[in-house]
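Take a look at the letters that make up each chain.
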Amino acid sequence: MENHLKIEKDLFTPLSEDEKKVNTVVRPSVGYWKDAWNRLRKDKLAMVSLVVIIAIVAAAILVPMLSKYDYAANDLSQTYLKPSAEHWFGTDNLGRDLFVRNFYGARYSLMIAVLAAVINLCIGVIYGGVAGFFGGMIDNILMRIVDVLYSIPLTIYVILFMAILSKPGSSGSGLSTIVLGLSITYWIGMARIVRGDVLQLKQQEFVLAAKSLGASNFRILIRHLIPNCIGSIMVTLTLLIPEAVFTEAFLSFIGLGIAAPRASLGTLANEAMVGIYTYPYQLVFPSMMICLIILAFNLFGDGLSQALDPKNKR
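Worth saying up front: this structure is predicted, and the values here are computed from it rather than measured. (Residues numbered from 1 in each chain as written. Predicted model: local features only at pLDDT ≥ 70, side-chain atom pairs only at ≥ 80, totals over all residues. Heavy atoms only, no water.)

**Student:** Would you explain the packing of aromatic side chains in this entry?
**Tutor:** The description of two aromatic rings rests on the distance between their centres and on the angle between their planes. In total, this model carries nine aromatic pairs according to the counting rule given. Plain terms: the ring middles of tryptophan 88 and phenylalanine 99 are 5.0 Å apart, the flat faces sit at 65° to each other, and that makes the pair edge-to-face. Here tryptophan 88, found in the loop between helix 4 (44–66) and helix 5 (98–134), pairs with phenylalanine 99, found in helix 5; they are eleven residues apart in sequence, far enough to count as distant. With 5.0 Å between their ring centres and 80° between their planes, phenylalanine 89 and phenylalanine 99 make a pair best called edge-to-face. Taken together, the positions of phenylalanine 89 in the loop between helix 4 and helix 5 and phenylalanine 99 in helix 5 put the pair ten residues apart, joining distant regions of the chain. A single burial state applies to phenylalanine 89 and to phenylalanine 99, both of which are buried. An aromatic cluster of at least three residues, connected via ring pairs, comprises Trp88, Phe89, Phe99, Phe103 and Phe285. Looking at arginine 192, its charged tip hangs above the ring of tyrosine 150, at a distance of 5.1 Å from the centre. (Phe/Tyr/Trp six-rings, centres within 6.5 Å; stacked < 30°, edge-to-face > 60°. Helix = DSSP H or I, 4+ residues; strand = E, 2+ residues; numbered from the N terminus. Buried < 20%, exposed > 50% of the residue type's maximum accessible area, 1.4 Å probe, protein only. Lys NZ or Arg CZ within 6 Å of the ring centre and 35° of its normal.)

What follows is the structure, given as structure tokens:
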């Protein structure tokens, strides 16, 4: 018995240098998010867009706080001044500094967009997850409700909420009406994307394993399925924000948005239309701000979608 267990040393030979290199670990093991971040950092356009977004957000917060001019302070002796060292973007018909008002408007536009996007994120993820996970009659009913809501234009919702919520002498109804209007319709795209992902994921073996271990449907949906949809959710969220910025600007431009004396980028563009031929610079700056925000978020969202896609891993 001992002879069978004895191993001869001659059976073993040292590895050559070439064989050692074959077994060398070329790339250290990294997690999903770290690997996605590494891919995102290599996308120069996406990183530049991220820097632009951070700069705009920081300026929207700090400029109105640090400037010596108040966004709502009138000075009729300084009306319609052209851009200068004193007033970088000029002044409007009431002598208000447009540099401060543009960044104050960007703050409101971004705040509305982010708030609406977060609300839509919560509604869309839960709604789409439930529809995709249970399927059958529940899925059909929930998706038909989505089709009905999607068929009604957003402007109708905003006008309805404005008629219900507005009060005589009230200046704060614009914010609530736009957020409610965006919250009713913008979650539909998120719900459809999450539903499609869940329909595919619920057929995987890890869902069957969770059911075999006695996990409830709620736990499977919240702890297993939705976290595996996080890539699609993050990309959709980054694309929802610029879409909400544009929608808010459009609604404010036609008079359904923020009420005076507060301002958003849409209301600034609306106010500039009065003197567009005489003072075109008043329209140029808010329009450029809207375009820059939308472009930066779209480019960053495109880079993020590439980074979060496991198929792009090299």
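Picking up after the structure, the text goes on.
**Student:** What is the right way to read the packing of helix 13 (residues 265–272) against helix 14 (residues 281–308) from this model?
**Tutor:** Packed helix pairs are specified by the crossing angle of their axes together with the interaxial distance, meaning the distance between the axes. In contact at an axis separation of 8 Å, helix 13 and helix 14 are set at 150° when each is read in the N-to-C sense. Relative to helix 14, the element helix 13 is oriented roughly antiparallel. The two elements helix 13 and helix 14 meet at a crossing, and its hand is left-handed. Only Gln282, Leu283, Pro286, Met289, Ile290 and Ile293 of helix 14 make contact with helix 13, whose side of the interface consists of Leu265, Leu268, Ala269 and Ala272. Classifying every residue of the contact of helix 13 with helix 14 gives nine nonpolar, one polar and no charged. (Axes fitted to C-alpha atoms, helices over the stretch in contact; angles between N-to-C directions. Parallel < 35°, antiparallel > 145°, perpendicular 65-115°, else oblique. Left-handed = near helix turned anticlockwise from the far one by under 90°. Contact = heavy atoms within 4.5 Å. Nonpolar A, V, L, I, M, F, W, Y, C, P; charged D, E, K, R; others polar.)

**Student:** What should I look at first to understand the nonpolar core in this one?
**Tutor:** One recurring pattern in soluble globular proteins is that nonpolar side chains are buried together. Ranked by size, the top nonpolar core spans 64 residues in total, and within it Leu182, Leu225, Ile233 and Ile293 carry the most contacts. Here the element with the most residues in this core is helix 5; it accounts for 14 residues. Ignoring any residue separated from it by four or fewer positions in sequence, one finds isoleucine 233 in contact with Leu121, Val125, Met190, Val194 and Ile226. (Core = buried A, V, L, I, M, F, W, Y, C linked by side-chain atoms within 4.5 Å.)

**Student:** Whenever I open this one, the UniProt feature "transmembrane region" (unreviewed entry) in the protein confuses me. Can you help?
**Tutor:** Taken from the UniProt record, the annotation "transmembrane region" (unreviewed entry) applies to residues 45–66, 108–136, 148–166, 172–194, 229–259 and 279–301. Secondary structure within residues 45–66 divides into 100% helix and 0% strand; the distance between the first and last C-alpha atoms comes to 31 Å. Counted over residues 279–301, helix gives 91% and strand 0%. Its end C-alpha atoms are 35 Å apart. (UniProt positions renumbered as here; feature names shortened; annotations may be inferred.)

**Student:** Help me out: how do you make sense of unusual backbone geometry in this one?
**Tutor:** Across the chain, the bulk of peptide bonds are trans and the bulk of non-glycine residues have phi less than zero. Phi at tyrosine 80 takes a positive value of approximately 50°, unusual for a residue other than glycine. One can find tyrosine 80 in the loop between helix 4 and helix 5.

**Student:** Help me out: how do you make sense of helix 6 (residues 136–151) in this one?
**Tutor:** Since the α-helix turns once every 3.6 residues, residues separated by three or four places project in the same direction. Here helix 6 spans 23 Å end to end across 16 residues, near enough to the 22 Å set by a 1.5 Å rise per residue. Listed in full, the buried residues belonging to helix 6 are Asp139, Leu142, Met143 and Val146. Considered in projection along helix 6, the buried side chains sweep an arc of 95° and stay on one side of the axis. In helix 6, the exposed positions that point more than 90 degrees away from the buried face belong to Met137, Val148 and Ser151. Where helix 6 is buried, its residues touch helix 5 and helix 9 (187–201). (Expected span 1.5 Å × (residues − 1). Arc of directions from axis to C-beta.)

**Student:** Any chance you could explain the pattern of salt bridges here in plain terms?
**Tutor:** For side chains bearing opposite charge, pairing can occur when the charged atoms are close. Under the definition given, this model contains eight salt bridges. The residue arginine 101 makes a salt bridge to aspartate 92 at a minimum N-O spacing of 3.9 Å. Judged by relative accessible area, which is 3%, aspartate 92 ranks as buried. Its salt-bridge partner being aspartate 147, residue arginine 144 comes within 3.0 Å of it at the nearest N-O pair. One end of the pair, arginine 144, and the other, aspartate 147, are both in helix 6, three residues apart, so they sit about a helical turn from each other. Among the residues examined, arginine 144 registers a relative accessible area of 45% and is labelled partly exposed. By relative accessible area, which is 33% here, aspartate 147 ends up partly exposed. Through salt bridges with shared partners, a single ionic network connects Asp92, Arg96, Arg101 and Glu271. (Salt bridge = Lys/Arg side-chain N within 4 Å of Asp/Glu carboxyl O.)

**Student:** Would you explain the confidence of the model for the protein in this entry?
**Tutor:** As a note on interpretation, predicted positions should not be read in detail where pLDDT is low. Overall, the predicted model of the protein reaches an average pLDDT of 81, with 86% of residues at or above 70. For the protein, the element scoring lowest by mean pLDDT is helix 1 (residues 2–5), at 55; helix 4 scores highest, at 90. Low confidence marks residues 168–172, where pLDDT is under 50. Its contacts with residues over four positions away, or in another chain, come to four contacts. (pLDDT = per-residue confidence, 0-100.)

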